[in-house]
Amino acid sequence: MPWRSLLLTVCLFWGLGAVEPIRVAVDGWTTLNPLLMTRDTDGEAVDLVFDRLVTMNADGTFIPGLLQGWTVLKGGREVVLDLRPGMTWQDGTPIEAEDLVFTWKALRMPQVRAIADTAGGVASLDSLVAEGPLRVRIHLARPRGTLLSDLYNFIPVPRRHYQIGPKPQSAPVNFQPVGSGPYRVVGKATTTHLRLELWPGYHGVHPGAWPTFEFIDSSEETNLVQALLERRYHYALVRALPHYLVRKGAQGGGRLQAFSVPQAAFGAFFLNCDPKLSLLGDVALRQALAELVPWQELARARRFFPARLASAFWPPENWAHDDTPRPLPQIGRAEAILEAAGWRMGADGIRHDAQGRPLTLVAYEQNTSVSRSTARLLAEEAAKVGMRIEVRRLTFEALTEKSTNHDGDIWSYGWTTSLDPDVDAPLFTKEGYRTKANVSSYLNPEVDRLFEEGRYTLDRVSRRKIYLKLSEIIWRDKPVIPLNYILVRVLADARLRGVSFNVLGQAYGFWPGKRGWKLEDAQP
């Protein structure tokens with residue numbers, strides 16, 4: 001009887017003291033495997049489950065992560081990486097130099113690069129050699145200005161669990177990760193729900209503050225404000241109107257806090273530059289299309305919901321940003337370009353070229369509740385000059401598959417840039433075309449040369465001049481048309497503390513990031 005009473009007391013105490021998880025609303029994710037991440041949302045949880053070799057603080061300064069330190073030798077042609085002693089994977093096995101070598105080799109595999117060729121220069125490091133259990137030596141043919149950014153984008157995985165098969169996306173480890181960070185997955189993770197709890201075996205230098213996180217796909221949620229008030233979520237990205245109403249005190253009743261921060265990201269039209277697959281292989285048509293961007297509609301919304309019209313590929317938060325003033329799109333210039341290129345208006349109201357081909361294009365965009373999306377607004381403007389654009393809506397996964405396979409003429413989605421502009425090289429280079437990261441099929445030897453030069457230029461001022469030149473060429477050739485730089489709007493429970501954003505406007509990928517979040521009046 002006394003034992004039963006004691007057991008009941010313990011159970012009651014545990015139930016009363018159960019920790020409320022911090023619930024994060026996320027617009028879907030594809031994987032928990034650092035090797036295969038393709039969406040920003042993939043990094044939301046991966047950043048808690050895995051440690052990076054180096055991370056950064058909120059100011060953008062690189063700081064050690066899994067590494068105890070790094071030493072640059074031979075004028076930058078060799079780099080020695082020293083892992084922290086005593087670190088283990090979440091299965092209890094030691095984190096070793098061979099794991100770093102394995103990860104580097106995995107990132108170079110064609111079946112991996114075809115999925116996620118966004119690791120910057122990691123895959124192109126010349127060689128990694130293990131020298132003992134905790135030391136790796138990197139050999140470089142030339143010193144790299146991207147070195148620390150490469151190490152930041154290098155998230156090692158344990159070689160015992162992450163062997164790459166012919167179909168990497170179907171591997172069970174993608175949702176049963178064995179990580180190195182302070183949190184581990186509990187129960188069965190899916191693409192719509194996962195739960196993380198503090199891992200007691202963590203010996204790293206960037207621990208978590210709150211015992212439990214829960215990530216939930218909120219893409220079907222119709223009223224995020226109400227869901228936050230009901231505490232089904234504690235943190236959510238929201239549209240402009242609900243953010244505005246909460247910020248002005250018209251909603252939320254003081255129980256929610258609103259955050260707004262510029263992000264190094266933009267919405268864009270990616271254009272098919274392959275003349276064998278699309279009429280947009282003609283640069284004149286791409287330039288005409290850019291003159292039809294519905295900037296007035298975008299600007300009109302700015303009166304109440306601030307946005308930033310894009311004027312260069314790299315946003316202002318990126319040190320490679322080109323602040324050269326650009327003329328606003330004009331429909332008259334579009335007409336003049338089309339006429340000069342030989343596209344004449346036909347009796348059917350559609351322009352045709354000398355071969356009689358009609359100027360008709362197919363644009364793909366993500367399914368959304370917005371009826372007058374930017375793609376549909378573009379189609380309305382295009383119709384005024386004799387260009388027909390059929391807009392088709394798909395899931396994000398189907399949309400990215402279309403763009404990867406160069407199927408269609410225009411793909412409308414967002415892009416997030418990284419700390420170093422070299423990470424974006426696969427979007428525009430011949431190498432990126434081979435790995436399918438260059439969705440636009442854009443090929444320009446001068447662009448290849450400049451990205452190569454930028455990668456191996458050490459002086460920051462000289463490097464910026466190179467990327468300014470690249471920005472000018474990209475703006476001229478229009479493989480992508482940036483529309484507006486993204487302003488992140490977040491609503492959070494008033495009890496949530498520690499919410500912060502890095503220099504890129506992200507709440508993940510830096511220290512403390514989500515690892516510093518706490519619920520103020522809950523019991524940890």
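Because the structure is a prediction, the values reported are computed rather than measured.

Q: Sorry if this is basic, but what is going on with the side chain of Asp274 here?
A: For Asp274, the position within the fold is in the loop between β12 (256-271) and α8 (283-290). No salt bridge is formed by the buried Asp274, whose closest oppositely charged neighbour, Lys276, lies at an N-O distance of 6.2 Å.

Q: Explain the environment of Met87 to me, please; I cannot follow it from the model alone.
A: Note that Met87 resides in the loop between β5 (78-83) and α3 (97-107). Every residue in contact with Met87, bar those within four places of it in the chain, is listed here: Asp51, Leu66, Pro94, Ile95, His203 and Gly204.

Q: I tried to follow the pairing of strand β1 (residues 22-26) on my own but got confused; where do I start?
A: Two faces make up the sheet, and in a regular strand the side chains alternate between them. Taking burial as the measure, the five residues of β1 include five buried ones, the bulk of the element. Burial along β1 is two-sided: the residues Ile22, Val24 and Val26 and Arg23 and Ala25 are all buried. Both β1 and strand β10 (residues 212-217) contribute to a ladder of five bridges, which runs parallel. Residue pairing in the sheet places Ile22 in a bridge with Phe213 of β10. Pairing of β1 with strand β11 (residues 235-237) involves two bridges; the strand directions are parallel. By the bridge assignment for β11, Val24 is matched with Tyr235.

Q: I'm lost on the packing of aromatic side chains in this one. Help?
A: Each aromatic ring pair is characterised by the separation of its centres together with the angle its planes make. Applying the stated criterion across every chain, the model contains 19 aromatic pairs. Considering the side-chain rings of Phe270 and Tyr413, the 4.9 Å spacing of their centres and the 20° angle between planes classify their relative orientation as stacked. Here the residue Phe270 occupies a position in strand β12, and Tyr413 occupies one in strand β18 (residues 410-416), the gap between them amounting to 143 residues. Taken together, the ring pairs connect Phe266, Phe313, Trp314, Trp319, Phe428, Tyr442, Phe451 and Tyr467 into an aromatic cluster. Above the plane of the ring of Phe396 lies Arg39, whose end atom (NZ or CZ) is 4.0 Å from the centre. Over the aromatic face of Tyr152 sits the side chain of Arg52, whose NZ or CZ is 4.1 Å from the ring centroid.

Q: I would appreciate a short explanation of the pattern of salt bridges in the present structure.
A: Where charged atoms from two side chains of opposite charge come close, those side chains can pair. Going through the model one piece at a time under the given rule, you end up with 43 salt bridges. The closest approach of N and O atoms between Glu452 and Arg142, which form a salt bridge, is 3.9 Å. Here Glu452 is found in helix α14 (residues 445-455), whereas its partner Arg142 is found in the loop between β7 (135-139) and α5 (147-152), with 310 residues between them in sequence. Exposure remark for Glu452: the relative accessible area of 34% places this residue in the partly exposed category. A salt bridge links Asp150 to Arg144; its shortest N-O distance comes to 3.1 Å. Each member of the pair, Asp150 as well as Arg144, carries the same accessibility label: buried. Within this structure, Glu20, Arg23, Arg231, Asp493, Arg495 and Asp521 form a network of salt bridges that share partners.

Q: How do you make sense of the pairing of β12 when you look at a structure like this?
A: A large share of β12 lies buried, amounting to 13 of its 16 residues. Bridge count between β12 and strand β19 (residues 480-493): 12 bridges; the pairing is antiparallel. Residue pairing for β19: Gly267 is matched across the bridge by Asn484. As paired elements, β12 and β18 share seven bridges and run antiparallel to each other. The partner of Ala268 across the bridge, within β18, is Tyr413.

Q: When you look at the sheet that holds strand β4 (residues 67-73) in this model, what are you seeing that I'm missing?
A: Sheet strands line up and pair through hydrogen bonds in the backbone, either parallel or antiparallel. Spatially, the four strands line up as an open sheet ordered β4-β5-β7-β6, and their pairing is antiparallel. Looking along the sheet, the strands with just one partner apiece sit at the ends: β4 and β6 (127-130). Neighbour-to-neighbour, the strand axes of this sheet turn through a mean angle of 20°, independent of strand direction. Pairing between β5 and β7: five bridges, direction antiparallel. Residue pairing in the sheet places Leu81 in a bridge with Val136 of β7. Those strands touched by α3 are β5, β6 and β7, and its axis lies near 155° from that of β6.

Q: Could you clarify how one ought to interpret the environment of Leu196 in this entry?
A: Tracing the chain through its elements places Leu196 in strand β9 (residues 193-198). Note: C-alpha distance between Leu196 and Pro182 (14 residues apart in sequence) is 9.6 Å. Those residues in contact with Leu196 that sit more than four places away from it in its chain are Ala45, Leu48, Val49, Tyr183, Arg184, Val185, Pro211, Thr212, Phe213 and Phe215.

Q: So what exactly am I meant to see when it comes to unusual backbone geometry here?
A: Across residues other than glycine, the phi torsion is negative in most instances, and most of the peptide bonds are trans. A cis amide bond links Trp511 to the next residue, Pro512, at an omega of 5°. The topology assignment puts Pro512 in the loop between β20 (496-497) and β21 (518-519). Of note, Arg231 is a non-glycine position whose phi angle comes to about 60°, a positive value. One non-glycine residue with positive phi stands out, namely Lys436, at about 70°. Judged by its relative accessible area of 39%, Lys436 falls in the partly exposed class.

Q: For this particular structure, what's the right way to read the packing of α14 against helix α15 (residues 460-477)?
A: When two helices pack together, their arrangement is given by the angle between the helix axes and the distance between those axes. Direction vectors running N to C along α14 and α15 enclose 160°, while the axes themselves pass 9 Å from each other. Taken together, the axes of α14 and α15 lie roughly antiparallel to each other. Judged by the twist between their axes, the crossing of α14 over α15 is left-handed. Seen from α14, the contacting residues are Glu446, Val447, Leu450, Phe451, Glu453, Gly454 and Arg455; seen from α15, they are Arg463, Ile466, Tyr467, Lys469, Leu470 and Ile473. Classifying every residue of the contact of α14 with α15 by side-chain character gives seven nonpolar, one polar and five charged.

Q: It is not clear to me how α8 should be interpreted in this structure. Could you clarify?
A: One turn of the α-helix equals 3.6 residues, which is why residues spaced by three or four share an orientation. Judged by how many residues are buried, α8 sits mostly within the fold: six of eight residues are covered. All buried positions along α8 are accounted for by Ala284, Leu285, Arg286, Ala288, Leu289 and Ala290. The backbone nitrogen of Ala284 has a side-chain oxygen 2.9 Å away, supplied by the residue at the start of α8, namely Asp282.

Q: Please explain the environment of Gln287 as it appears in this structure.
A: Position of Gln287 relative to the elements: it lies in helix α8. Ignoring anything within four residues of it in the chain, the contact list for Gln287 reads Ile337, Arg476 and Lys478. Polar side-chain contacts of Gln287 include one of 3.1 Å to the backbone oxygen of Arg476.

What counts and how
Residues numbered from 1 in each chain as written. Predicted model: local features only at pLDDT ≥ 70, side-chain atom pairs only at ≥ 80, totals over all residues. Heavy atoms only, no water. Helix = DSSP H or I, 4+ residues; strand = E, 2+ residues; numbered from the N terminus. Buried < 20%, exposed > 50% of the residue type's maximum accessible area, 1.4 Å probe, protein only. Lys, Arg positive; Asp, Glu negative; His and termini not counted. Salt bridge = Lys/Arg side-chain N within 4 Å of Asp/Glu carboxyl O. Contact = heavy atoms within 4.5 Å. Pairing = 2+ DSSP bridges. Phe/Tyr/Trp six-rings, centres within 6.5 Å; stacked < 30°, edge-to-face > 60°. Lys NZ or Arg CZ within 6 Å of the ring centre and 35° of its normal. Axes fitted to C-alpha atoms, helices over the stretch in contact; angles between N-to-C directions. Parallel < 35°, antiparallel > 145°, perpendicular 65-115°, else oblique. Left-handed = near helix turned anticlockwise from the far one by under 90°. Nonpolar A, V, L, I, M, F, W, Y, C, P; charged D, E, K, R; others polar. Polar contact = N/O pair within 3.5 Å; in protein donor to acceptor, adjacent residues only side chain to side chain.

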